[in-house]
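Coordinates in review
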Amino acid sequence: SFIFIQDFSKAMSQAGSSQFQEVIRQELEYSMKVELDKILATAHSNELEHTKKDLEGFKKLFHRFLQEKGPSVDWGKIQRPPEDSIQPYEKIKARGLPDNIASVLNKLVVVKLNGGLGTSMGCKGPKSLIGVRNENTFLDLTVQQIEHLNKSYNTDVPLVLMNSFNTDDDTKKILQKYSHSRVKIYTFNQSRYPRINKETLLPIAKDVSYSGENTECWYPPGHGDIYASFYNSGLLDNLIAEGKEYIFVSNIDNLGATVDLYILNHLMNPPNGKRCEFVMEVTNKTRADVKGGTLTQYENKLRLVEIAQVPKAHVDEFKSVSKFKIFNTNNLWIALSAIKRLQEKNAIDMEIIVNPKTLDGGLNVIQLETAVGAAIKSFENSLGINVPRSRFLPVKTTSDLLLVMSNLYSLNAGSLTMSEKREFPTVPLVKLGSSFTKVQDYLRRFESIPDMLELDHLTVSGDVTFGKNVSLKGTVIIIANHGDRIDIPAGALLENKIVSGNLRILDH
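Residues numbered from 1 in each chain as written. Predicted model: local features only at pLDDT ≥ 70, side-chain atom pairs only at ≥ 80, totals over all residues. Heavy atoms only, no water.

1. Description of the side chain of R391
Note the following rule: The helix count covers DSSP runs of H or I at least four residues long, the strand count covers runs of E at least two residues long, and both are numbered beginning at the N terminus. Exposure classes here rest on a 1.4 Å probe applied to the protein chains alone. A residue is buried below 20% of its type maximum, exposed above 50%, and partly exposed in between. Contact criterion: two residues are considered in contact whenever any of their non-hydrogen atoms come within 4.5 Å of each other.
Tracing the backbone through its elements, the reader meets R391 in the loop between β17 (383-386) and α13 (398-405). Given a relative accessible area of 6%, R391 falls into the buried group. Ignoring sequence-local partners within four residues, the contact set of R391 consists of F248, N254, G256, A257, T258, D260, I263, E281, N331 and W333.

Next comes the structure, spelled out in structure tokens:
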């Protein structure tokens with residue numbers, strides 16, 4: 001008999017006696033096992049093996065979810081990281097490069113996290129296929145960067161894409177166009193886990209299929225899944241057999257995450273002779289990054305703490321730019337042999353992120369996820385490197401897209417660099433309103449991308465369009481009230497202006 005529980009954590013806290021709590025936990029786990037067995041029974045023989053692995057992985061995660069109580073960090077134990085555990089990039093760069101940098105590069109594999117869809121920007125299909133610059137997509141730019149590296153140094157750095165069941169088919173179709181490029185491209189898939197009903201804590205899927213009306217029943221469980229999936233795919237062992245030693249992992253939408261030879265050299269030829277198994281690139285927080293995860297010292301280990309793990313009473317302290325000055329860019333350098341060792345010992349420990357979602361029909365579900373950087377505490381001799389902001393250039397919204405498409409950046413061999421004509425190193429703060437959220441609406445509203453070299457701040461709200469060759473300087477605020485429309489004429493120069501309602505242009 002299964003006990004229906006409106007809210008699991010509430011029931012647990014009211015349950016009191018640990019004995020009773022244990023009974024409830026066992027009931028929940030047993031019911032979950034029954035449901036997963038039913039789902040597995042619907043698998044065809046050709047999908048049985050990987051479905052089984054996926055559901056085993058999910059079962060472990062669910063077990064841990066039932067064991068955990070409340071926020072997973074004890075705030076009193078959080079300390080600032082020791083001085084030498086986060087190195088300034090300048091210090092690492094100052095060591096220079098050895099003559100044999102090619103032999104070091106040949107031990108590297110570039111891994112891009114490619115499981116995400118472009119839904120937040122109104123696009124169907126993989127986010128990596130959105131056009132970013134001169135018709136080039138995120139994936140095009142990535143391939144160009146690595147191809148340039150391989151040609152320049154006569155090396156063989158492969159690209160590995162971690163796809164999800166959402167992005168795999170579309171990505172593989174596109175990969176055919178790179179068959180003659182000088183980059184070996186491999187893919188493997190993230191696990192596919194069942195979403196669970198928030199009230200019953202049972203899977204909403206009834207069978208293994210994930211097409212049609214069943215698409216909402218499944219999810220890829222966050223990029224923390226990389227360790228198990230990479231290992232299970234067999235690709236990890238193949239790359240080790242080829243003599244590869246490190247992977248450089250980053251989000252495919254972070255255009256600043258290019259291969260850095262100085263960091264790679266620091267890993268392969270450490271100054272003290274002791275190699276790091278895990279390096280996390282961090283960068284200084286600005287007001288825009290207060291929610292980013294930060295590196296702390298916790299029980300004598302470097303540990304990534306995310307906002308979701310922070311007890312409510314301490315959230316403001318966590319967001320403070322003065323106490324926690326840095327955040328995780330999710331550019332990570334990890335030793336392949338260490339992943340293999342830890343994966344075989346089942347010793348990679350990552351906190352569970354409980355991600356609540358409401359489906360189209362109104363059903364409340366939760367998905368259990370993990371984050372790749374959270375594993376830092378399981379590796380030996382981990383290190384943070386405080387890198388320039390230019391290595392963190394994610395495109396999450398069309399406001400970000402406007403920046404990378406503009407003349408603030410120049411494109412060279414797939415890499416974007418800040419234009420030398422920009423007088424200050426920071427990027428402008430851009431806030432585009434809801435009329436610009438979808439990529440196709442955004443593109444329709446700009447006849448050409450404005451000159452933004454001297455822009456500090458841009459806010460646009462309402463029905464606004466931009467003609468060709470507009471220049472924006474200083475602080476520009478354009479607000480079309482409901483029912484009004486503002487067309488910025490071709491060739492207009494707006495410098496420290498507020499444009500409102502009926503196209504009156506005022507000095508700011």
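2. Focus: the UniProt feature "binding site: substrate" (unreviewed entry) in the protein
Condition: UniProt positions are given in the numbering used here, feature names are shortened, and annotations may be inferred rather than shown by experiment.
The feature "binding site: substrate" (unreviewed entry), as annotated in UniProt, sits at H223 in this numbering. Tracing the sequence through the fold places H223 in the loop between β9 (218-219) and α8 (226-232). What makes H223 partly exposed here is its relative accessible area of 26%. In this structure H223 touches L113, M162, Q190, N251, N330, T370, A371 and V372, once residues within four positions along its chain are discounted.

3. Quick notes on the UniProt feature "binding site: UTP" (unreviewed entry) in the protein
UniProt annotation of "binding site: UTP" (unreviewed entry) refers to K127, Q190, G222, D253 and K396 when read in the numbering used here. Among the secondary structure elements, K127 is positioned in the loop between β2 (108-114) and β3 (131-133). In contact with K127, not counting residues within four places along its chain, are G116, L117, G118, M121, F138, D253, V395 and K396. Position of Q190 relative to the elements: it lies in the loop between β6 (185-189) and β7 (193-194). Beyond its immediate stretch of four places on either side in the chain, Q190 contacts G115, M162, N163, S164, P220, P221, G222, H223, D225 and S229.

4. Details of the domain arrangement of the protein
Buried accessible area, meaning the area lost when the parts come together, often serves as the stated size of an interface. Rules: Note that the domain bounds reflect an automated or database-derived domain assignment. Defined in terms of a 1.4 Å probe, buried area is the accessible area two parts forfeit on being brought together, summed over both. The salt bridge definition used is simple: a Lys or Arg side-chain nitrogen within 4 Å of an Asp or Glu carboxyl oxygen.
Taken domain by domain, the protein holds domain 1 (75-391) and domain 2 (398-500). Spacing between the C-alpha centres of domain 1 and domain 2 amounts to 30 Å. Between domain 1 and domain 2, the buried area comes to about 1,200 Å², and carbon and sulfur atoms account for 63% of it. Looking only at domain 1, the three residues that lose the most surface to domain 2 are M121, V132 and R133, adding up to 44% of its buried area. For the pair domain 1 and domain 2, the interface holds zero salt bridges.

5. What to know about unusual backbone geometry
We note that N381 has phi near 55°; this positive angle belongs to a residue other than glycine. For N381, the position within the fold is in the loop between β16 (364-369) and β17. The class of N381 is partly exposed, set by a relative accessible area of 26%. Despite not being glycine, A413 shows a phi value in the positive range, around 50°. Looking at the secondary structure, you find A413 in the loop between β18 (409-412) and β19 (415-418). Judged by relative accessible area, which is 27%, A413 ranks as partly exposed.

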